[in-house]
Every structure is written in structure tokens, then in C-alpha cells.
Amino acid sequence: MEKPLSVKPIAELSPLDRAVIAGSIAVTLFLFTQLLMFGYGRDQGIYAMVADTMLRGGAPYRDAWDFKPPGIFIVYAISRGIFGPAQWGIRVLEVIGLAAMCAALVRLGQRFIRRTAAGFLAAALAVTVHTQLDFWHTAQPESFGGMLTVFALVLAAPAAWEALPKRTALIGAGVLFGMAGLLKPPLAGGGAILGLWLFARIWGEKAEGNKKVRVIAAIQPSLWILLGGALPFVVCGLWFLKKGALGELYQVLFVFTPHYTKLGWEGSTFGRMFFWGFTEWLQAYCSAMSIGLLLGLGFGAESADKKWLALFLGIVGIHLVGVVMQAKFFPYHWGATWPVTAVIAAFGYEKLRLRLEKWGRAGSLAFGLTLLIVGLGRSATKDTEESFFKRTLKRVLVAQGGFKDTDTLDRLATVADVNAGENRAVAMFLRDKVPADRPIFVWGFEPVIYDLSGRKPASRFLYNVPQRVAWSKAPMRETLLKDLAQNPPAAVVVEHNDLIPMVTGDAIDSAGTLFDFWDFLCVSPKVQAGDHNCRHGRLPRKRAHPIGLVLNQAIAATLALRSTGSGLVARHGTPLPVAARKSEKRGASGSLHGVLWPRRPGRKRETGEPGAWHVLIT
């Protein structure tokens, strides 16, 4: 067995190592301040509302519907339980987790790369790419799963890493990998890779002796990891069983989700998708990470390094397979992979430092310039109109102004078909018009409106994807109608321009699907019993089924909105605009009254602009 190399105390480190440590700490702390200013993306709004339901005694999937694994709801429930409903709460919890992960990465750098400065550099790299993913792609299941993966590796790597970990450490590592699996199932595969890696090591070290004894000795670590990994799943299953929601968990994760995953595989092969995923991981995100990986590959590894590199690359590989199987390649899908990758990249930079330190001060200067240049290269920020550096500068200016510029913060949280400013405006309108004890219903993909308005959802369906996708549309609509009949909403909010083909499988927005929903109402026996006149969606004069009335009004307002080209708030007592009345010739209900939704002065709506809403006060 090789003798482990000792790690020098910080006081005995070279000036270059001290500079790397100081720079890494400074960069990390600054990025933490940026992360604390991130708002919610669409996904974070979903997780927050499911967590709110859990804190009120409900269960995911049965009382608040989503198709993500349950682990992320637990994380958000912890955040809301400690910090309340403010959006910064999950960011504080995220920063705490990242800070602990940074300490763990320093420990891994000391144990594997055998250099304290390399561990600090790995931590800075991991936090850099994490923050560059920006508001939408952070505070995701993979974000917290990456932290748990790093903690598991620290637990399973003894101080003299060439020695084998103890039984309790292996069980603990298994528990952490299992918890990561509750956040995203492929992340539990890290435990399997660790077990295989330990099996190979023990089998090689016990080359002599009885074969049966070798097998038993080599397989024991995997069994302890498996035992620990199963515990979180067992506890979670028992909790759902106690809540009476085990059937709903099965239906969502094993019936609905496979169809959703299948969308990304149409017309593709595994080989093609795997190659796409590999190239994304290697070069499509943070340039500092990519160059570190290439440096490690170019300089090569010694025999002692090859052992741990095999473990880390194996975990990256199982993560890569998980991303490919999802077939969406959203940036946050890589969130758990970057901390592990950061250790490998730091190893590459350490190899470069060893070459440059022979040049004395000139070499130290060259190493520092290299880190600066690669840090200014490609960032991991995706889908935004402005670069990561411009967005960072805007957040700094907002902080200097005492966080009073909410318009800028809303624009920084606006991307694709999500408009944070319009979401906030609609939520404030609902606060003003809807009593606090009355529920509302959002027909769209923005559950954050429930959270911002402080109004409870009238249905378990926080967003309408299950009613829009082909494979679940009919039964999910039946369930939705039952929810709304039992808990009639005081207001209905309809979203426009939320086109998400990667999720729904078509290019129709929420407002457009209302017409299809009306056809469903006409053939639904339970709703038909409410005496609808379904011709052209026109309401009869006599009182109709209340849910049909609400949706019929939403259809009429949608026609009006398309005619006027601006957002609309529909409510009783005010005549419709002239352009909107013309839509009645196409079958819109004459019983609907409304007024134009005021937009900010100087803002001109373009076709397809996100955030167009209308609200119906029922």
C-alpha cells in the first residue's frame, strides 16, 4: 500500500498557494452575495407551493401535484419552515449548503490531490459554475443532490485515503447517496459506483488466497452502502403510506413521468444522445471547468491519482447517463455533476502549477493570469439576453441602492415565457380583489402567483401541464373538475404565450388550450349534467354548472384578449372594450364584462411577449 503524501499547514504554504486560497475565498464569498439575490424561476415556484401544502399537513402528488421526486419538496419545506415564504429563504439554505460543500471540497482536495490550495480552487470552481447557472437553474434537485454527493465522498474517504473506509462511514455515505436519489434517482447511482470502485480495490489487493474469501471481502462495502442507500427510500415510502398517498406517488413517478421523458427521445438513439451529453459536459458550459479537465488529460496522472480519478469519473459517468435518460438537457440537469467535476478540474490546474513553479515568480504570475483568463471565458449562463457579467453588475447596483429597485430584480428574473414583473402585478391585483380566505385557480404554468398573492390554490394542480399533455389529458381534466367543484375559486387567472413544447409536446399556450378544454366539458357526462348549451361555447340564460360557467368566461375573455392584443382583467360590472365585443360574434358569452389590464407606461407589447394574463373574478 502506498504511503499517503502529507498536506502542509496553511502557514507553511508558498505565496502562490496562499494567493490561490485568498482569491478562491474572495470569489466564493462574492458569488454567495449574488446567489442570495436570485428570485424564483418557474420550477422554484412549484416546489415552494408543494412545500407549503406539506407544512399544512398535505402530501405531494395527492394534495399538490408535480412530477419531480419528493426530495426537493422536503428541502423547500425545511426552508419555508425556518425562514418563511420569502423567496430569499431557499437561497439562504442553498448558500449554507454550498458553504458546507466548499469545506468538503477542500477536504477532498487535501485527501486526493494532496494540496490544500487545489481544494479551495475546486470549491471556487464549483460555486462559480453553480452561480453562473443563474436563478432558474439553481435551487433545483440537482443543486442539493450535488452537495450530498460531495458529503458522501468525504465520509467514504478516510484521512489516509488509500485505507478502506469503516463500516459506519459506508452506511453513512449510502444514506447520503440515497437522499440524493430522492432528489433525482440517477444520483443514487453514485453509491453504486463507490461500491464497484471499492470492490475492484479490495479484489486487487487480495490477489492471493481463497477466491470465496476474496469475493466476500470485496462485496461487503457495497452491501453496507446499499443498506444505507435504501434507508431514505424506506422512510419516504412509509411516510407516504401513512399519509395515504402512496398510490399517487406511484402514478406520478412511474406512470406520468416515463411519458414525459419519452418526449425527448423521439427520433433519437442512445448513442447520439450520449455523445451530445458528453460534449455538453466537456465544453458547453464554464470554460474554467473545461480547460481544467483538458489540462488534467494533457498532463496525465500518476498511479496514485488514477485510483481516485477512476472513482470521480465513474460518478460523472453515471450522472451523464442520468442526464441522457431524461433527454431534455436542461442546464440544471448538470447541477450535481459540477462539484465532482470541479475536483478533477482542480487536479488539472495543479498539474499546470507544478510545471510553472519551476519558473519562480514568472511562473506564479503566469499561473495567476491563466486562472484570470479562463475565468473570463465562457460562462454557464444560458437562455438570458445578457451575459453573466452584465447581470452581476446590475445586481451589484441594486444592492448598492438598498434593494429598492424591484423592477430591475424582476427583469433579472424574467426569461423565455416567464415575466416576473407581470406575475407580481397579477398577484398584487388578486391580493386587492380576492379575500384572503378564498382560493384562486391559475390556468397556466406559474404557481408562483399563488405564493405571491398569498391565496391558496383551488385544486391540487398547481399548473396545467397534466391537463395539456396527450397521455394524461382526459383523466387529469376529470380530476381537476372535481377539485374545482369541491372548492370553487374566487378568481381564475389565464396565462398566455407559455409555449413549452419540450414539456407539453405541442406549441399551444394555456389560453389556446381552453378551447380544447371546452370541448371536453361538452362530452363530460358529469359536467353535461349541469345543463350546458355547448354550441359555440355560449352560456344559456339559466344558471349553468359553476365550473362550466367559470371556464366559459375564461374562453370569452381569451377571445377578447386576442382581439385587443393586450392583457385583460375580466370582472362583472364594466362593459367590454369595443374590440372585445366583436369577439361575441364568434360565440363568446355576452354575460362577461371586463376592463383592460393597465400595463406600465412606455412598454409596448410584442407578439409572443411573456406575462400576458387575464383574471376573472367569479
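Given the structure is predicted, the values throughout are model-derived calculations rather than measurements.

1. Let's talk about the overall build of the protein chain
Here is step 1: From N to C terminus, the protein chain includes 26 helices and 5 strands.
Here is step 2: Per-residue burial over the protein chain gives 56% buried out of 618 residues.
Here is step 3: With the model as given, the accessible surface of the protein chain reaches about 26500 Å², and the carbon-plus-sulfur share is 64%.

2. Focus: a nonpolar patch on the surface
Here is step 1: Among the surface-exposed residues, Leu365, Leu369, Leu372, Ile373, Leu376 and Phe389 lie close enough to one another that they form a single nonpolar patch of about 620 Å² accessible area.
Here is step 2: With 4 residues, the single largest contributor to the nonpolar patch is helix H15 (residues 361-375).
Here is step 3: As for its position among the elements, Phe389 is in helix H16 (residues 388-400).
Here is step 4: A relative accessible area of 40% means that Phe389 is categorised as partly exposed.

3. Comments concerning the environment of His137
Here is step 1: If you trace the backbone, His137 turns up in the loop between helix H5 (116-132) and helix H6 (141-156).
Here is step 2: According to the relative accessible area criterion, His137 is buried, its value standing at 7%.
Here is step 3: Each C-alpha atom of the pair His137 and His333 lies 8.3 Å from the other, and the pair is 196 residues apart in sequence.
Here is step 4: Look past the residues within four positions of His137 in its chain and what remains in contact with it is Ser143, Pro331, Tyr332 and Asp383.
Here is step 5: A polar contact is formed between the side chain of His137 and the backbone nitrogen of Tyr332, at a distance of 3.5 Å.

4. With respect to the side chain of Asp43
Here is step 1: Following the sequence through the fold, Asp43 ends up in helix H2 (residues 42-55).
Here is step 2: Within the buried set, Asp43 has no salt-bridge partner at all; the shortest N-O distance to an opposite charge, 4.0 Å, is to Lys68.
Here is step 3: The residues touching Asp43, leaving out its near neighbours within four places in the chain, are Lys68, Trp136, Gln140 and Tyr332.

5. Digging into the nonpolar core
Here is step 1: Judged by nonpolar contacts, the single largest core of 157 residues is most densely connected at Tyr76, Leu194 and Phe312.
Here is step 2: The element that contributes the greatest number of residues to this core is helix H4 (residues 88-113), accounting for 12 residues.
Here is step 3: Contacts of Phe312, omitting those with residues within four sequence positions, involve Leu108, Phe112, Leu153, Val340, Val343 and Ile344.

6. Overview of the packing of aromatic side chains
Here is step 1: Counted according to the given criterion, the structure contains 29 aromatic pairs.
Here is step 2: Considering the side-chain rings of Phe330 and Tyr332, the 5.8 Å spacing of their centres and the 35 degrees angle between planes classify their relative orientation as tilted. As far as burial versus exposure is concerned, Phe330 and Tyr332 are alike and both buried.
Here is step 3: Among the aromatic side chains, those forming a connected cluster through ring pairs are Trp65, Phe67, Phe256, Tyr260, Phe445, Phe461, Tyr463 and Trp471.
Here is step 4: Its end group placed over the ring of Tyr285, Lys382 keeps NZ or CZ at 4.6 Å from the ring centre.

7. Describing the pattern of salt bridges
Here is step 1: All told, the structure shown has 20 salt bridges when counted by the stated rule.
Here is step 2: Linking Asp134 and Arg391 is a salt bridge whose minimum nitrogen-to-oxygen distance equals 3.0 Å. Linking Asp134 in the loop between H5 and H6 with Arg391 in helix H16, this pair joins segments that are 257 residues apart in sequence.
Here is step 3: In this structure Arg391 comes out as buried when scored by relative accessible area, which is 4%.
Here is step 4: For Lys351, the salt bridge is made with Asp305, and the minimal N-O distance between the two is 3.9 Å.

8. Some thoughts on helix H8 (residues 189-205)
Here is step 1: Over its 17 residues, H8 runs 25 Å from end to end, which matches the ideal 24 Å to within 8%, given 1.5 Å per residue.
Here is step 2: Summarising the contacts, the buried residues of H8 are in contact with H6, helix H7 (167-183), helix H9 (211-243) and helix H13 (303-326).

9. What about the pairing of strand E2 (residues 491-496)?
Here is step 1: Among the 6 residues in E2, 6 count as buried, and that is most of the element.
Here is step 2: Burial along E2 is two-sided: the face carrying Ala491, Val493 and Glu495 and the face carrying Val492, Val494 and His496 are both buried.
Here is step 3: Here 3 bridges tie strand E1 (residues 441-443) to E2, and the two strands are oriented parallel to one another. For Val442, the partnering residue across the bridge sits in E2 and is Val493.

10. What about the confidence of the model for the protein chain?
Here is step 1: When pLDDT is averaged along the protein chain, the result is 83, and 81% of the positions lie at 70 or above.
Here is step 2: For the stretch residues 1-5, pLDDT sits under 50, and the model shows 9 contacts to residues farther than four places along the chain or on other chains.
Here is step 3: Across residues 524-545 the pLDDT falls below 50, and counting only partners more than four positions away or on other chains, this stretch makes 38 contacts in the model.

11. Examining the packing of H4 against H5
Here is step 1: For the pair H4 and H5, interaxial distance at closest approach is 7 Å and the crossing angle is 145 degrees. Classified by chirality, the crossing of H5 by H4 is right-handed. Each of Glu94, Leu98, Met101, Cys102, Leu105, Val106, Gly109, Gln110 and Ile113 in H4 lies in contact with H5, whose residues at this interface are Thr116, Ala118, Gly119, Phe120, Ala122, Ala123, Ala126, Val127 and His130.
Here is step 2: A breakdown of the residues in the contact of H4 with H5 according to their chemical character gives 12 nonpolar, 5 polar and 1 charged.

What counts and what doesn't
Within each chain, residues carry numbers counting from 1 in the order of the written sequence. Totals for whole chains, interfaces and linings use all residues, but because this is a predicted model, local features are given only for residues with pLDDT of at least 70 and pairs of side-chain atoms are given and counted only at 80 or more. The side-chain figures draw on all heavy atoms in the structure; neither hydrogens nor water molecules are used. Only DSSP runs of H or I with at least four residues qualify as helices, and only runs of E with at least two residues qualify as strands; both kinds are numbered from the N terminus onward. With a 1.4 Å probe rolled over the protein chains alone, any residue whose accessible area is under 20% of its type maximum counts as buried; one over 50% counts as exposed, and the rest are partly exposed. Calculation of accessible area relied on Shrake-Rupley with a 1.4 Å probe; when residues are assessed, cover is drawn exclusively from the protein chains displayed. A patch consists of residues whose relative accessible area exceeds 30% and which take part in no salt bridge; residues with like charges are grouped when within 9 Å of each other, and nonpolar side chains (Val, Leu, Ile, Met, Phe, Trp, Tyr) when within 5 Å. Any Lys or Arg side-chain nitrogen found within 4 Å of a carboxyl oxygen on Asp or Glu counts as a salt bridge. For this analysis, residues touch if any pair of their heavy atoms sits within 4.5 Å. By the criterion applied in these results, polar contacts are pairs of N or O atoms within 3.5 Å in which, for protein atoms, one can donate a hydrogen and the other can accept it, and in which residues neighboring in sequence qualify only through two side-chain atoms. When charges are counted, Lys and Arg are positive and Asp and Glu negative, with His and the chain ends excluded. Residue types Ala, Val, Leu, Ile, Met, Phe, Trp, Tyr and Cys, when buried and joined through side-chain atoms within 4.5 Å, form a set referred to as a nonpolar core. Two aromatic rings from Phe, Tyr or Trp, using only the six-membered ring of Trp, form a pair when their centres are within 6.5 Å; if the ring planes differ by under 30 degrees the pair is stacked, by over 60 it is edge-to-face, and anything between is tilted. Put simply, a charge is over a ring when the Lys NZ or the Arg CZ is close to the ring centre, within 6 Å, and near the line of the ring normal, within 35 degrees. A helix's residues, less one, multiplied by 1.5 Å, set its expected span. The pairing criterion for strands is at least two bridges between them, as found by DSSP. Per-residue confidence from the prediction method is given by pLDDT, with values spanning 0 to 100. The convention used is that axes are lines fitted to C-alpha atoms, helices contributing only their stretch in contact, and that angles between N-to-C directions extend from 0 to 180 degrees. Each helix crossing is assigned a hand: it is left-handed if the near helix lies turned anticlockwise from the far helix by less than a right angle, otherwise right-handed if that turn is clockwise. We call Asp, Glu, Lys and Arg charged. Ala, Val, Leu, Ile, Met, Phe, Trp, Tyr, Cys and Pro are nonpolar, and the rest, Gly among them, are polar.

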